[in-house]
Amino acid sequence: MKTLENKVALITGSSQGIGRAIALKLASQGAKIALNDIAPQEENLKIVQAQIKNAGGEAKYFMADVSKYDEVEKMMQSVQQEFGRLDILVNNAGITKDRTLAKMTVEEWQKVIDINLTSVFNCSKTALPLLIQSQGNIISLSSFSGLRGNFGQTNYTAAKAGIVGFTKTLSKELGKFGVRVNAVAPGFIESKMTEAMPEEMKVVVKKLTSLGRTGKPEEVANVIAFLAGPDASFVTGDIINIDGGLAI
Ligand SMILES: NC(=O)c1ccc[n+]([C@@H]2O[C@H](COP(=O)([O-])OP(=O)(O)OC[C@H]3O[C@@H](n4cnc5c(N)ncnc54)[C@H](O)[C@@H]3O)[C@@H](O)[C@H]2O)c1
């Protein structure tokens with residue numbers, strides 16, 4: 001049975017990696033998909049859109065830099081015009097600019113905070129009226145490193161830890177409207193973001209992971225599909241680890 005029939009889901013940063021996997025998974029569950037990414041990713045967005053359509057689904061894409069409030073506001077208006085509703089917001093867009101604090105520039109700090117954390121404010125705030133109307137839900141991508149800290153990532157971990165506080169607080173504010181707000185904290189997932197990581201680091205991470213391997217974007221998408229759907233109807237304010245046991 002398809003659990004997301006007649007639902008509309010917006011997934012930020014969905015032209016590749018985990019975002020693409022989420023879009024494909026939610027589409028396979030019957031959701032209509034609003035894809036999003038930045039302009040240089042348009043060709044990849046078209047490919048994801050075609051994949052969804054070829055599988056019998058419905059998808060449109062909306063170009064916006066989610067760190068910019070005015071662009072997000074316009075995107076949300078377009079989503080409403082195109083689909084008439086929004087049930088699921090997945091705050092997935094993110095970047096890293098790793099460097100120890102001693103070497104980190106103000107720009108590297110700000111950009112990572114803006115794209116990983118301010119984007120969650122921008123998208124959640126502008127989606128609120130639609131989500132209240134649909135009694136929908138929000139799922140944001142935090143990270144294992146946001147919960148535990150990670151060398152060379154003060155900017156990224158501050159943003160991802162910020163998502164945890166944001167999620168818990170917003171879940172309290174929106175509970176009375178029947179809107180659920182959750183986050184996931186993936187461990188090491190194979191994507192563009194992690195492919196540049198040195199091989200010796202990957203060996204260490206696998207060793208620390210109970211399942212002894214890295215994760216696939218689809219394994220994150222499966223948990224998000226659960227959180228987005230009716231089987232998670234009593235789950236809110238939660239942060240679910242998807243890390244093969246790394247956090248232990
Ligand atoms: N890969 C991992 O191991 C891992 C672990 C924990 C959390 N995460 C989180 O999962 C999410 C997806 O990561 P991924 O591994 O698929 O990385 P990725 O780099 O493959 O994908 C990120 C996507 O976000 C898009 N994006 C970047 N800036 C944007 C902006 N300003 N506006 C709109 N879109 C923008 C990128 O173009 C890209 O398509 C991120 O939030 C990341 O922090 C990843």
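Figured I'd write up the structure that's included with this text. These numbers were taken from a predicted model, which means no experiment stands behind them.

With that settled, the discussion passes to the overall build of the protein chain. Counting its secondary structure elements, the protein chain contains 9 helices and 7 strands. Against the 2.2 N^0.38 benchmark of 18 Å for 248 residues, the protein chain shows a C-alpha radius of gyration of 17 Å, consistent with a compact globule. Taking the principal axes of the C-alpha coordinates as reference, the protein chain spans close to 45 × 40 × 40 Å. Counting every position in the protein chain, which comprises 248 residues, the buried fraction comes to 50%. In the protein chain, 73% of the contacts between residues at least 6 apart in sequence involve partners at least 24 apart.

Summarising burial for strand 6 (residues 180–186): 7 of the 7 residues are buried, a large majority. Burial along strand 6 is two-sided: the residues Arg180, Asn182, Val184 and Pro186 and Val181, Ala183 and Ala185 are all buried. Examined bridge by bridge, strand 5 (residues 137–141) and strand 6 share 5 bridges and lie parallel to one another. By the bridge assignment for strand 6, Asn137 is matched with Arg180. Relative to strand 7 (residues 239–242), strand 6 runs parallel, the two being bridged by 4 bridges. Pairing of Val184 across the sheet is with Ile240, part of strand 7.

Attention shifts here to the nonpolar core. One broad trend across soluble globular proteins is that nonpolar side chains are buried collectively. Residues Ile22, Leu26 and Ile33 are the most contacted members of the largest nonpolar core, which totals 31 residues. Looking at this core, the elements with two or more residues in it are strand 1 (8–11), helix 1 (17–28), strand 2 (32–37), helix 2 (42–54), strand 4 (88–91), strand 5 and helix 9 (217–228). Each residue touching Ile22, except ones within four places of it in the same chain, is listed here: Ile11, Val90, Asn92, Leu141, Ala221 and Ile224. Ranked by size, the runner-up nonpolar core spans 23 residues in total, among them Val72, Leu89, Ala93 and Val179.

Here the focus is the packing of helix 1 against helix 2. In the contact formed by helix 1 and helix 2, the axes pass within 10 Å of each other and the chain directions differ by 20°. One finds that helix 1 runs roughly parallel with respect to helix 2. Between helix 1 and helix 2 lies a crossing whose hand is right-handed. The residues of helix 2 that touch helix 1, namely those facing Arg20, Ala23, Leu24 and Ala27, are Val48, Gln51 and Ile52. Among the residues making up the contact of helix 1 with helix 2, the classes are represented as 5 nonpolar, 1 polar and 1 charged.

For an α-helix, the turn length of 3.6 residues means that residues three or four places apart are oriented alike. Here helix 6 (residues 154–174) spans 30 Å end to end across 21 residues, near enough to the 30 Å set by a 1.5 Å rise per residue. For helix 6, the set of buried residues is Asn155, Tyr156, Thr157, Ala159, Lys160, Ile163, Val164, Thr167, Leu170, Ser171 and Leu174. Where helix 6 is buried, its residues touch helix 4 (106–134), strand 5, helix 5 (144–148), strand 6, helix 7 (192–195) and strand 7.

Quick notes on the rules
- Residues numbered from 1 in each chain as written.
- Predicted model: local features only at pLDDT ≥ 70, side-chain atom pairs only at ≥ 80, totals over all residues.
- Heavy atoms only, no water.
- Helix = DSSP H or I, 4+ residues; strand = E, 2+ residues; numbered from the N terminus.
- Rg over C-alpha atoms; globule rule 2.2 N^0.38 Å.
- Buried < 20%, exposed > 50% of the residue type's maximum accessible area, 1.4 Å probe, protein only.
- Contact = heavy atoms within 4.5 Å.
- Pairing = 2+ DSSP bridges.
- Core = buried A, V, L, I, M, F, W, Y, C linked by side-chain atoms within 4.5 Å.
- Axes fitted to C-alpha atoms, helices over the stretch in contact; angles between N-to-C directions.
- Parallel < 35°, antiparallel > 145°, perpendicular 65-115°, else oblique.
- Left-handed = near helix turned anticlockwise from the far one by under 90°.
- Nonpolar A, V, L, I, M, F, W, Y, C, P; charged D, E, K, R; others polar.
- Expected span 1.5 Å × (residues − 1).

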